[in-house]
Amino acid sequence: TAPVTINAATLAGAGFTVSGASFPVTLSPTQAVTLQIQFKPTTAGAASGQLAISSDSSSGGTTAMALSGTGTSSTTPHEVDLNWNVPKGPLDQLAGYNIYRSSSGYSFQLLNLTPDPQTAYVDSTVESGTSYSYMVKSVDLSGVESDPSNEATVMMP
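All values reported here derive from a predicted model rather than from experimental measurement.

Enquirer: What am I meant to see in the side chain of Asp116 here?
Expert: Positionally, Asp116 belongs in the loop between β9 (109-110) and β10 (120-123). Residue contacts for Asp116: discarding those within four places in its chain leaves Gly96, Tyr97, Ile99 and Tyr121.

Right, dumping it as structure tokens:
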């Protein structure tokens with residue numbers, strides 16, 4: 001029923017930002033101000049925060065609202081680009097290549113369902129903070145794999 005002056009909007013918590021208004025701002029009973037809260041995490045996992053709005057309201061000087069979010073690996077997308085040379089020897093029996101990956105010391109897992117005829121592969125399913133090792137095996141037309149290539153290891157930021 002009376003004007004209110006909002007003095008500040010203060011955020012606590014990693015990854016949260018606020019925009020949309022300059023303070024102090026005085027609002028009449030029919031006015032509103034819109035604030036945009038953005039959650040842009042730098043790490044994966046749950047995060048919490050709080051938005052505190054201070055005013056000269058007669059029903060309470062500060063109002064607090066809880067904030068929460070979950071950061072996923074997709075917030076900071078990464079990929080690994082692999083390239084290798086064609087093996088020496090006759091190529092008429094070459095069906096393609098099997099690409100294997102190991103993450104953080106686990107056993108190697110096949111990434112492709114069928115032998116890939118290309119000498120390059122893009123792994124876009126990697127996550128920040130994880131170490132990955134890769135190896136490639138050539139596959140002949142009978143499905144027999146060669147010995148593995150040298151391992152290549154990367155640490156995702």
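Enquirer: How should I be thinking about the environment of Ser55 in this particular structure?
Expert: Positionally, Ser55 belongs in strand β5 (residues 45-55). Put simply, Ser55 and Gly13 are 42 residues apart on the chain and 21 Å apart in space, counted from C-alpha to C-alpha.

Enquirer: Please explain the pairing of strand β1 (residues 4-12) as it appears in this structure.
Expert: Residues in a regular strand project their side chains so that they alternate between the two faces of the sheet. In this sheet, strand β3 (residues 25-27) lies alongside β1 in antiparallel orientation, the contact comprising 3 bridges. Counterpart to Thr5 in the pairing with β3 is Thr26. Note that β1 and β5 share 6 bridges and pair antiparallel. Across the sheet, residue Ala12 finds its bridge partner in β5, namely Gln50.

Enquirer: Explanation requested: the sheet that holds β1 in the structure shown.
Expert: Each strand in a sheet pairs with another by means of backbone hydrogen bonds, the pair being arranged parallel or else antiparallel. Here we have 4 strands laid out as an open sheet, ordered β3-β1-β5-β6, and antiparallel in their pairing. The strands lining the two open edges of the sheet, one partner per strand, are β3 and β6 (62-71). Ignoring strand direction, the axes of neighbouring strands in this sheet form an average angle of 30 degrees.

Enquirer: Looking at this structure, how should I read the pattern of salt bridges?
Expert: Pairing is possible between side chains of opposite charge, provided their charged atoms come close. Under the definition given, this model contains 2 salt bridges. The salt bridge partner of Arg101 is Asp123, with a shortest N-O separation of 2.7 Å. Here Asp123 lies in strand β10 and Arg101 lies in strand β8 (residues 94-103), a separation of 22 residues in the sequence. Residue Arg101 shares its accessibility class with Asp123, and that shared class is buried.

Enquirer: I would appreciate a short explanation of the side chain of Lys137 in the present structure.
Expert: Within the secondary structure layout, Lys137 lies in strand β11 (residues 131-140). Setting aside residues up to four positions removed in sequence, Lys137 forms contacts with Gly96, Tyr97, Asn98, Tyr100, Glu145, Ser146, Asp147 and Pro148.

Enquirer: So what exactly am I meant to see when it comes to the nonpolar core here?
Expert: Grouped burial of nonpolar side chains is what soluble globular proteins tend to show. By size, the foremost hydrophobic cluster in this structure holds 11 residues: Val80, Leu82, Trp84, Tyr97, Ile99, Tyr121, Val126, Tyr132, Tyr134, Val136 and Met156. When residues in this core are grouped by element, the largest group, 3 residues, is from β11. If we ignore the near neighbours within four places in the chain, the residues touching Leu82 are Ile99, Thr119, Ala120, Tyr121 and Tyr134. Within the second largest apolar cluster, 7 residues are counted, among which are Ile6, Ala9, Leu51 and Ile53.

Rules used throughout
Residues numbered from 1 in each chain as written. Predicted model: local features only at pLDDT ≥ 70, side-chain atom pairs only at ≥ 80, totals over all residues. Heavy atoms only, no water. Helix = DSSP H or I, 4+ residues; strand = E, 2+ residues; numbered from the N terminus. Contact = heavy atoms within 4.5 Å. Pairing = 2+ DSSP bridges. Axes fitted to C-alpha atoms, helices over the stretch in contact; angles between N-to-C directions. Salt bridge = Lys/Arg side-chain N within 4 Å of Asp/Glu carboxyl O. Buried < 20%, exposed > 50% of the residue type's maximum accessible area, 1.4 Å probe, protein only. Core = buried A, V, L, I, M, F, W, Y, C linked by side-chain atoms within 4.5 Å.

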